[in-house]
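Remarks on the overall topology
Here are the chains, one letter per residue:
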Amino acid sequence: MKRLKNPFYNRDIVSIKDFQRPDLDYLFHVANEIKTSLPNDSLKNKSIGLMFLEPSTRTRLSFESAMNSLGGKSISFGNLSDSSTQKGENLSDSLLTMDQYVDAIILRHASEGVSRYASEICKNPIINAGSGSEEHPTQAMLDVYTILNECGKVDNLNIAIFGDLKYGRTVYSLLYALSNYKPNIYLVSPKPLQLRSDPLIELKNTLNISVHENLQDIISDLDVIYTTRIQKERFPDLQEYERVKGSYKIDNNLLTNAKENLVLLHPMPRSDEIPGEIDNTPYAKYFNQVSAGKLIRSTLLHLIFTENPSF
Ligand code: CP
């Protein structure tokens, strides 16, 4: 690839919709370079602020680990109960305070729109690490990168997005990322957990989408299944959750009809929708996805802070 202008330099990463196919191609190209020659002191004068106002394992650890590997530093907002939020400080003041101490803020929040708002008031880049049921753009980047690595392409693949499509934010970011390519998308979920209607209408303009309730009917067609957990914490009514909990699952019986090279992905965390026994099958690639998380986030941090990277 010829040297291109870095589209991530000093950018906010708020929505995957802000990035197009050439941006993703560039990110994945640099990720492949960094995989073999990590620029391990490139961020030695940089720091990030981790503001995870909702729980996280992978996103938080991968950003922290990425920053360590690049020689940078990270500081953490910690639990809400340890900060001045406990004394009534508002989110704006907490964000503007963090903005004085670091060069970029990694923000996870339960409310939609908070990352966009943060990007408008802070001087340093904001990276959306998950905003309510809305978006998780860096997850989508690593998800597409994993599909490319496992399948060698995205175009013409039959990709099922399976599970809680209503509340799963990774689903929305992934579908918008995939709309840069030409896969066939199968949306598979119990009826109450179908994709929200406005995004579905919008996505149908760019993606070939079919809607299903039963994975068994289509399993033999699929190249990739991307499963998601039921997002219990997003249900406005716990009775609604009780009606759908445990209503879908990947099991060995289902997989007897799968293609030999089917790729099973999951953004994690998981509940019972992919039981541990599936981990031992050749289909299970979700820990490769976890591994790609550190690589893609290392690449993003390097590119956000480095105007002219040597790739
Ligand atoms: N995929 C993902 O966002 O995982 P965490 O909630 O553990 O960060």
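Calculation notes
Residues numbered from 1 in each chain as written. Predicted model: local features only at pLDDT ≥ 70, side-chain atom pairs only at ≥ 80, totals over all residues. Heavy atoms only, no water. Near = heavy atom within 4 Å. Polar contact = N/O pair within 3.5 Å; in protein donor to acceptor, adjacent residues only side chain to side chain. Areas by Shrake-Rupley, 256 points an atom, 1.4 Å probe, with all protein chains shown as cover. Nonpolar A, V, L, I, M, F, W, Y, C, P; charged D, E, K, R; others polar. Helix = DSSP H or I, 4+ residues; strand = E, 2+ residues; numbered from the N terminus. Expected span 1.5 Å × (residues − 1). Buried < 20%, exposed > 50% of the residue type's maximum accessible area, 1.4 Å probe, protein only. Pairing = 2+ DSSP bridges. Axes fitted to C-alpha atoms, helices over the stretch in contact; angles between N-to-C directions. Arc of directions from axis to C-beta. Contact = heavy atoms within 4.5 Å. Salt bridge = Lys/Arg side-chain N within 4 Å of Asp/Glu carboxyl O. Domains from an automatic or database assignment. Buried area = accessible area lost by both parts, 1.4 Å probe.

1. What to know about the site of the ligand
- As a structural note, the neighbourhood of the ligand is formed by S56, T57, R58, T59, R108, H136, Q139, P267, M268 and P269.
- At a separation of 2.8 Å, an oxygen atom of the ligand approaches a polar backbone atom of T57.
- Note that an oxygen atom of the ligand is positioned 2.9 Å from one of the side-chain N or O atoms of R58.
- Summarising the interface, the protein chains cover 92% of the accessible area of the ligand, which totals 250 Å² for the free molecule.
- Across the shell around the ligand, the residue classes break down as three nonpolar, five polar and two charged.

2. Concerning helix α5 (residues 137-151)
- Spanning 15 residues, α5 covers 21 Å between terminal C-alpha atoms, matching the ideal 21 Å at 1.5 Å per step.
- Across the 15 residues that make up α5, a large majority, eleven, are buried.
- When we look at burial in α5, the residues that qualify are P137, T138, Q139, A140, M141, L142, D143, V144, Y145, T146 and I147.
- Backbone geometry just downstream of α5 places G152 in the positive-phi region, at approximately 80°.

3. Some details on the sheet that holds strand β4 (residues 126-131)
- Spatially, the four strands line up as an open sheet ordered β2-β1-β3-β4, and their pairing is parallel. Edge positions in the open sheet fall to β2 (73-76) and β4, since each of these has one partner strand only. Geometrically, the sheet is characterised by an average inter-axis angle of 20° between neighbouring strands, direction not taken into account.
- Sheet topology note: the strand β3 (residues 104-109)/β4 ladder contains four bridges and is parallel.

4. Some thoughts on helix α2 (residues 58-69)
- Over its twelve residues, α2 runs 16 Å from end to end, which matches the ideal 16 Å to within 8%, given 1.5 Å per residue.
- For α2, the set of buried residues is T59, S62, F63, A66, M67 and S69. Along the axis of α2, the buried positions cluster into a sector of 160°, meaning they face one direction only.
- On its buried face, α2 is in contact with β1 (47-52), β2, β3, β4, α5 and α10 (286-305).
- Residue G71 follows α2 closely and has a positive phi angle near 85°.

5. Focus on the pattern of salt bridges
- One pass over the full model with this rule turns up ten salt bridges.
- Measuring nitrogen to oxygen at the nearest pair gives 3.2 Å for the salt bridge that ties R116 to D18. With R116 in helix α4 (residues 114-121) and D18 in the segment before α1 (21-36), the pair connects residues that are 98 residues apart, well separated along the chain.
- When the shortest N-O distance is used, the salt bridge between R169 and E54 registers 3.0 Å. Here R169, found in helix α6 (residues 169-178), pairs with E54, found in the loop between β1 and α2; they are 115 residues apart in sequence, far enough to count as distant.

6. With respect to the domain arrangement of the protein
- Per the domain assignment, the segments of the protein are domain 1 (16-136 + 292-305) and domain 2 (137-290).
- If you average the C-alpha positions of domain 1 and of domain 2, the two centres end up 25 Å apart.
- Between domain 1 and domain 2, the buried area comes to about 2600 Å², and carbon and sulfur atoms account for 58% of it.
- On the domain 1 side of the interface with domain 2, the three residues burying the most area are I16, R58 and H136, jointly 27% of the side's total.
- There are two salt bridges connecting domain 1 and domain 2.
- Two residues, R234 and E54, come together in a salt bridge whose shortest N-O distance is 2.8 Å.
- The interface formed by domain 1 and domain 2 includes 18 residue pairs in polar contact (both at pLDDT 80 or more).

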